[in-house]
Amino acid sequence: MSYKQVSDRRILMEGVELYLVHPDELPMAWVGQQECWKQLLAAWLVVEPQDIPMNPRLVGKPGVGKTTLAYAAGRSLGREVYIYQATMDTRPEDLLITPVISPEAKIRYVASPLVTAMIRGGVCVLDEGNRMSEKAWASLAPLLDHRRYIESIVTGLKIRAHKDFRFVATLNEDASTYELPEYIHSRLQPQIMVDFPQREEELRILRENLPFCQEEILRYVVDFLQKAHEAEERYTVRDGINVARYAVKLLRQSNSVDAISAVVEGMRMILGDEATQYLKL
């Protein structure tokens, strides 16, 4: 793919000027299941010049850390990472190139995070991909097989992916999502299951995200999460982080509140009264 670099975030391709977006710079580290980490990096590996990287899908319940895993793995390769949040309103052109009106009242073509990653050899994380419709997925079909390109109708460009481009989709296991069409399902391989972390892993995740939080609070929250996981409740480590974070704020606000009271109050405020049945007092 040939293009002329106009500036850091502008390129000229076949006479069309494209504006590129900035990568995501997030303080995300993966401290969970190492098997998932290895599986993802193996899928992205290219073993011979004739080989191509695979396009894995990370599947699991909301809040188990799929996006964090994908982002941290991409950064571990030393590449820019671009996260695209899929929604039910995502259109094919949203995924590729969008025309917008510039301050000079002219048409400006803006590449999506996915197309920017394709051009710059970055990693694209298509987050919650099964929230978008089949029509949107169809625009990605040639990118996700050996062709590795997309076609933009609004610009008339066929853009091939840089050899270092990598793709991963996260898919939620919940009732509010679409079924993937079979021709996309077969292109998003392998499937990597991300489950709830074990107790020690969950404690390390909380410590990583809340280094300022008292150990007593973290242990109360981890005990709650583990008991909820055993009961197959929906509560995730993300919920635990929010509960612990709010408990810390309550403790800082008042000296008359103890740790367990702060956790109970945090749980009621964030998850509701029914969640407290899983708290060991």
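Residues numbered from 1 in each chain as written. Predicted model: local features only at pLDDT ≥ 70, side-chain atom pairs only at ≥ 80, totals over all residues. Heavy atoms only, no water.

(A) Broad picture of the overall build of the protein. Broken down by element type, the protein carries 10 helices and 12 strands. If one aligns the C-alpha atoms of the protein with their principal axes, the spans along those axes are about 65 × 45 × 35 Å. The burial tally for the protein puts 51% of its 281 residues in the buried class. In the protein, the share of contacts with a sequence separation of at least 24, taken over all contacts with a separation of at least 6, comes to 69%. Working note: accessible area of the protein is about 14,000 Å², and carbon and sulfur atoms make up 49% of it. With 34 positive and 39 negative side-chain charges, the protein shows a separation of 5 Å between the mean positions of the two kinds. (Helix = DSSP H or I, 4+ residues; strand = E, 2+ residues; numbered from the N terminus. Buried < 20%, exposed > 50% of the residue type's maximum accessible area, 1.4 Å probe, protein only. Contact = heavy atoms within 4.5 Å. Areas by Shrake-Rupley, 256 points an atom, 1.4 Å probe, with all protein chains shown as cover. Lys, Arg positive; Asp, Glu negative; His and termini not counted. Charge placed at Lys NZ, Arg CZ, Asp CG, Glu CD.)

(B) How the structure looks around the nonpolar core. In terms of nonpolar packing, the biggest core is built from 38 residues, with Leu126, Trp137, Leu140, Ile159 and Phe167 touching the most fellow members. Elements with a minimum of two residues in this core: strand S2 (10–13), strand S3 (16–19), strand S5 (81–85), helix H4 (113–120), strand S8 (123–127), helix H5 (134–138), strand S10 (157–160) and strand S11 (166–172). Each residue touching Phe167, except ones within four places of it in the same chain, is listed here: Trp44, Met54, Asn55, Pro56, Leu114, Cys124, Leu126, Leu144 and Leu188. Counting 32 residues, the second largest nonpolar core, distinct from the first, contains Val31, Ala228, Tyr235 and Val243. (Core = buried A, V, L, I, M, F, W, Y, C linked by side-chain atoms within 4.5 Å.)

(C) How the structure looks around the sheet that holds S2. If you trace the five strands from one edge of the open sheet to the other, you get S1-S2-S3-S7-S6, paired in mixed fashion. At either end of the open sheet lies a strand with only one pairing partner, and these are strand S1 (4–7) and strand S6 (97–101). Taking each pair of neighbouring strands and ignoring which way they run, the sheet shows an average axis angle of 35°. In the sheet, S1 pairs with S2 via three bridges, with the strands oriented antiparallel. Its bridge partner being in S2, Gln5 is matched across the sheet by Ile11. Along the sheet, H4 contacts S2, S3 and strand S7 (107–111); its crossing angle with S7, the most-contacted strand, is approximately 70°. (Pairing = 2+ DSSP bridges. Axes fitted to C-alpha atoms, helices over the stretch in contact; angles between N-to-C directions.)

(D) Up close: the sheet that holds S11. The five strands are arranged S5-S8-S11-S4-S12 in an open sheet whose pairing can be described as parallel. The strands lining the two open edges of the sheet, one partner per strand, are S5 and strand S12 (191–193). Across the sheet, the axes of successive neighbouring strands diverge by a mean angle of 20°, strand direction being ignored. The sheet contact formed by strand S4 (residues 57–60) and S12 spans three bridges and is parallel. From the neighbouring strand, Arg57 faces S12, where its bridge partner is Gln191. The strands touched by H4 are S5, S8 and S11; relative to S5, the strand with the most contacts, the crossing angle is about 160°.

(E) Spotlight on the environment of Val221. With respect to the element layout, Val221 can be found in helix H8 (residues 215–230). Between the C-alpha atoms of Val221 and Arg57, which are 164 residues apart in sequence, the distance is 29 Å. Those residues in contact with Val221 that lie beyond four places of it in its chain are Leu206, Gly240, Val243, Ala244 and Val263.

(F) Layout of the state of the cysteines. In this structure the tally under the stated criterion is zero disulfides. Note on Cys36: no disulfide assigned, nearest cysteine sulfur contributed by Cys124 at a separation of 20 Å. The buried category is assigned to Cys36, whose relative accessible area is 3%. (Disulfide = S-S within 2.5 Å.)

(G) Highlighting the environment of Val154. Note that Val154 resides in the loop between strand S9 (149–152) and S10. Taking the C-alpha atoms as reference points, Val154 and Leu96, 58 residues apart in sequence, are found 9.4 Å from one another. Ignoring anything within four residues of it in the chain, the contact list for Val154 reads Ile97, Pro99 and Tyr109.

(H) Representation of the environment of Glu151. In this structure, Glu151 sits in strand S9. The residues contacting Glu151, other than those within four sequence positions of it, are Leu96, Leu157 and Lys158.

(I) Structural context of the packing of helix H7 (residues 199–209) against H8. Two elements in contact, H7 and H8, have axes whose closest approach is 10 Å; the angle formed by their N-to-C orientations is 135°. Viewed along their axes, H7 and H8 adopt a mutual orientation that is oblique. Considering only the axes of H7 and H8, their crossing is right-handed. Along its contact with H7, which presents Arg199, Glu202, Leu203, Leu206 and Arg207, the element H8 presents Glu215, Leu218, Arg219, Val221, Val222, Asp223, Leu225, Gln226 and His229. Taken together, the residues of the contact of H7 with H8 break down into six nonpolar, two polar and six charged. (Parallel < 35°, antiparallel > 145°, perpendicular 65-115°, else oblique. Left-handed = near helix turned anticlockwise from the far one by under 90°. Nonpolar A, V, L, I, M, F, W, Y, C, P; charged D, E, K, R; others polar.)

(J) Geometry of helix H9 (residues 237–253). Here H9 contains 17 residues, and its C-alpha end-to-end distance of 24 Å stays within 8% of the 24 Å for a straight helix at 1.5 Å per residue. Those residues of H9 that fall on the buried side of the exposure criterion are Val237, Asp239, Gly240, Ile241, Val243, Ala244, Ala247, Val248, Leu250 and Leu251. Buried residues in H9 make contact with H7, H8 and helix H10 (259–270). (Expected span 1.5 Å × (residues − 1).)

Purely spatial values, then, with no claim about function.
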